[in-house]
Amino acid sequence: MKVTVEELSPSRRALHIELPPDRVAARLEATIRELSQKLQLPGFRKGKVPREIIQRRFEADVKEEVLRELIPDSYREALAQAALQPVSQPQVDDVQFHAGEPLRYRAVVEVKPSVEVRDYRGITLTRDKLAVADQEVDRALEYLREEAAEYVPMEGWPAVRDDLVILDHEASLHGKPFKGGSGKNLALILGREGYLPGFTEQILGMQKGEGKHFVVNVPADSPRKDLAGRAVDFRVTVKEVKKRRLPELNDEFAKSAGDVETVAALREKLRQDLLARKTREQESGLKRSLLEKLAAAHEVEVPEAMVESEAASILEEMLITLRASGGRIEGLAQDPEALRAKARDAGRRRAKESLLLEAVATQEGLTVGEAEIEAEIEAMSRAYSAGPHPAERDDPHGKGGVDVRRAMQDPARRAGLTTRLLQRKALDLLFQHATITESYNLIVPA
């Protein structure tokens with residue numbers, strides 16, 4: 001088989017492939033033989049249709065089947081022969097197929113362009129001096145207290161906003177009960193809608209043991225279509241009223257919340273935790289700036305297949321975020337075309353950065369070992385099992401990590417993971433060798 005490679009651009013190659021006549025003839029004969037075993041024509045027994053009749057009456061079908069067999073196989077062989085690793089499916093054209101002659105065709109594919117990265121050590125970055133204000137520590141302490149809050153039963157006290165109320169309820173439409181309208185031991189935090197709009201307001205002021213009858217007018221746009229726009233009769237009995245009580249900020253709380261001996265020690269621990277988080281966020285931002293500077297300094301022809309793949313991933317990430325945020329993301333365009341355009345722009349940026357990082361890894365001789373791959377898979381497995389993850393609702397015993405390991409047995413997925421780890425190493429190297437200066441806030445007297 002003859003293969004010649006034509007460079008159409010830094011990221012596109014045309015493979016001109018020629019198969020010898022004997023290989024084509026052998027496949028042609030095999031196809032006719034296979035077809036003859038299946039055919040049953042009037043006047044001939046099954047499997048006894050003459051070759052000449054098959055060739056004449058089914059010429060187009062025979063040619064199509066021969067090409068369907070020969071082109072994919074020879075294309076894979078041609079890639080190996082030319083040492084190409086395409087990032088797109090081939091576009092096959094200029095097919096020349098005639099009896100007794102070689103089969104010739106052209107396959108156009110996108111490949112990762114050859115990239116040489118220059119001046120990548122010593123990229124200049126500026127970072128702010130980090131500090132944690134006392135107010136930030138105060139807010140963190142209050143958050144810990146909120147997390148540790150308890151609901152304490154209160155006798156003889158009316159229910160007010162933020163109280164936890166336990167009640168039984170019966171509901172009816174025009175005197176008839178409906179599905180889901182009645183229940184026992186319903187827990188409500190007053191002031192938070194969760195059952196029907198307007199329901200919790202009716203509970204305000206009630207005490208333990210008190211009953212009440214009232215009507216709730218359900219909005220016309222309620223997701224409860226069976227109740228939308230209707231008046232629902234409720235009879236409720238309050239079984240418990242619990243007040244929210246925050247723990248006192250003392251040494252005992254410090255021991256339980258932070259595993260330290262004093263409030264002062266807890267404050268210092270929180271300060272260090274906040275500083276560590278700020279440091280991680282700052283480092284992430286600096287690495288983002290570093291990549292932007294690297295990309296701005298290099299022209300790279302990015303394969304469209306890589307752009308489309310990255311854009312698809314970005315749109316999937318947007319969809320996950322939309323679901324988590326209730327359907328809206330601040331500043332995100334609502335027009336589908338604008339969203340796709342934004343995803344493509346971001347996809348092109350990501351793909352370019354990936355190519356640059358891979359080039360740095362190659363130029364620096366970076367590699368990823370099996371131990372590093374296994375460690376990453378283990379970390380992914382633990383994160384998957386810890387949740388929250390959709391599969392975990394069906395996996396109460398934390399077996400989600402098994403799915404990660406099974407997925408990573410796929411060669412393509414494992415290769416993708418290896419590439420990501422290599423890019424991470426390259427980015428860490430760039431950051432380690434960056435020239436980072438501290439910024440100063442100069443205060444000019446008035």
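Everything quoted here is computed from the prediction, not taken from an experiment.

Parameters at a glance
Residues numbered from 1 in each chain as written. Predicted model: local features only at pLDDT ≥ 70, side-chain atom pairs only at ≥ 80, totals over all residues. Heavy atoms only, no water. Helix = DSSP H or I, 4+ residues; strand = E, 2+ residues; numbered from the N terminus. Buried < 20%, exposed > 50% of the residue type's maximum accessible area, 1.4 Å probe, protein only. Contact = heavy atoms within 4.5 Å. Areas by Shrake-Rupley, 256 points an atom, 1.4 Å probe, with all protein chains shown as cover. Polar contact = N/O pair within 3.5 Å; in protein donor to acceptor, adjacent residues only side chain to side chain. Pairing = 2+ DSSP bridges. Expected span 1.5 Å × (residues − 1). 1 Å grid on protein atoms, 1.4 Å probe; cavity = no way out; pocket = protein on both sides within 12 Å on 5 of 7 lines; lining within 4 Å. Points joined across faces, edges and corners; volume = space filled by probe spheres on them. Nonpolar A, V, L, I, M, F, W, Y, C, P; charged D, E, K, R; others polar. pLDDT = per-residue confidence, 0-100. Salt bridge = Lys/Arg side-chain N within 4 Å of Asp/Glu carboxyl O. Axes fitted to C-alpha atoms, helices over the stretch in contact; angles between N-to-C directions. Parallel < 35°, antiparallel > 145°, perpendicular 65-115°, else oblique.

Looking only at helices and strands, the protein chain features eleven helices and twelve strands. Within the span of the protein chain, comprising 446 residues, buried residues form 33% of the whole. Counting contacts in the protein chain only where the partners sit at least 6 residues apart, residues at least 24 apart contribute 67% of the total. Per element, the accessible surface of the protein chain, about 27,800 Å² overall, is 51% carbon and sulfur.

This brings us to the side chain of Arg13. Within the secondary structure, Arg13 is located in strand β2 (residues 12-19). A polar atom in the side chain of Arg13 sits 2.8 Å from the backbone oxygen of Ser9. Contact partners of Arg13, with chain neighbours within four places excluded, come to Val5, Glu6, Glu7, Leu8, Leu84, Ala107, Val108, Val109 and Val111.

In this sheet, β2 lies alongside strand β1 (residues 2-9) in antiparallel orientation, the contact comprising seven bridges. Looking across to β2, one finds that Val3 is bridged to Ile17. The turn linking β1 back onto β2 is made up of two residues. Pairing geometry for β2 and strand β4 (residues 103-110), over eight bridges, is antiparallel. Paired with Ala14 across the bridge in β4 is Val108.

Turning our attention to helix α6 (residues 263-296). Taking 1.5 Å of rise per residue, the 34 residues of α6 would be expected to cover 50 Å, and the 49 Å separating its terminal C-alpha atoms lies within 8% of that figure. Close packing links the buried residues of α6 with β5 (124-127), α4 (134-147), α5 (251-258), α8 (336-364) and α11 (411-432).

Considered as a void within the structure, the largest pocket measures approximately 890 Å³ in volume. Forming the walls of the largest pocket are 23 residues, and the residues nearest its centre are Glu310, Ser354, Thr419, Arg420 and Gln423. At the level of elements, α6, α7 (304-324), α8 and α11 are the ones that each hand at least two residues to the lining of the largest pocket. Per element, the largest residue contribution to the lining of the largest pocket is seven residues, and it comes from α11. Across the lining of the largest pocket, the residue classes tally to seven nonpolar, six polar and ten charged. Within this model, the second largest pocket holds a volume of roughly 370 Å³. Considering the residues around the second largest pocket, the lining is formed by 16 residues, among which Gln85, Lys112, Pro113, Glu358 and Thr362 are closest to the centre. Looking at the lining of the second largest pocket, the element that brings in the most residues is α8, giving five residues. In terms of residue class, the lining of the second largest pocket is built from eleven nonpolar, two polar and three charged.

The next thing to look at is the confidence of the model for the protein chain. Parts of the prediction with low pLDDT should not have their coordinates interpreted in detail. Considering every residue of the protein chain, the mean pLDDT works out to 86; 87% of them sit at 70 or more. In this model residues 389-399 is a low-confidence stretch, pLDDT under 50, and it forms eight contacts with partners more than four residues away in sequence or in other chains.

Bringing the pattern of salt bridges into the picture now. Considering all chains together, one arrives at 39 salt bridges under this definition. A salt bridge links Glu18 to Arg104, with the nearest nitrogen and oxygen atoms 3.1 Å apart. Remark: Arg104 occurs in strand β4 and Glu18 occurs in strand β2; sequence separation between them is 86 residues. Accessibility expressed as a relative area gives 21% for Glu18, which makes it partly exposed. With a shortest N-O distance of 3.0 Å, Lys278 and Glu136 are connected by a salt bridge. Note that Lys278 is positioned in helix α6 and Glu136 in helix α4, a separation of 142 residues in sequence.

At their nearest, the axes of α6 and α11 sit 10 Å apart, and the two run at 95 degrees to each other. With respect to each other, α6 and α11 are oriented roughly perpendicular. In this structure, α6 uses Glu283, Leu286, Lys287, Leu290, Leu291 and Leu294 to contact α11, whose residues at the interface are Leu427, Asp428, Leu430 and Phe431. Across the contact of α6 with α11, the residue classes break down as seven nonpolar, no polar and three charged.

Attention now goes to unusual backbone geometry. Although it is not a glycine, Asn185 adopts a positive phi angle of roughly 55 degrees. Relative to the assigned elements, Asn185 resides in strand β9 (residues 183-189). The residue Asp259 is not glycine, and still its phi comes out positive at about 55 degrees. Examined against the element boundaries, Asp259 turns out to sit in the loop between α5 and α6. We classify Asp259 as exposed; its relative accessible area is 70%.

Let us now look at the sheet that holds β2. Within a sheet, neighbouring strands are paired by backbone hydrogen bonds and run either parallel or antiparallel to one another. Read from one edge to the other, the open sheet built from four strands follows the order β1-β2-β4-β3, with strand pairing classed as antiparallel. Since the sheet does not close on itself, it has two edges, and those belong to β1 and β3 (91-96), each with one partner. The mean inter-strand angle of the sheet, taken between neighbouring strand axes irrespective of direction, is 20 degrees.

Between α8 and α11, the shortest axis-to-axis distance is 8 Å and the interhelical angle comes to 75 degrees. Compared by their axis directions, α8 and α11 come out roughly perpendicular. Across the interface between the two elements, Ser354, Leu357, Glu358, Val360, Ala361 and Glu364 from α8 touch Thr419, Leu422, Gln423, Ala426, Leu427, Leu429 and Leu430 from α11. Across the contact of α8 with α11, the residue classes tally to eight nonpolar, three polar and two charged.

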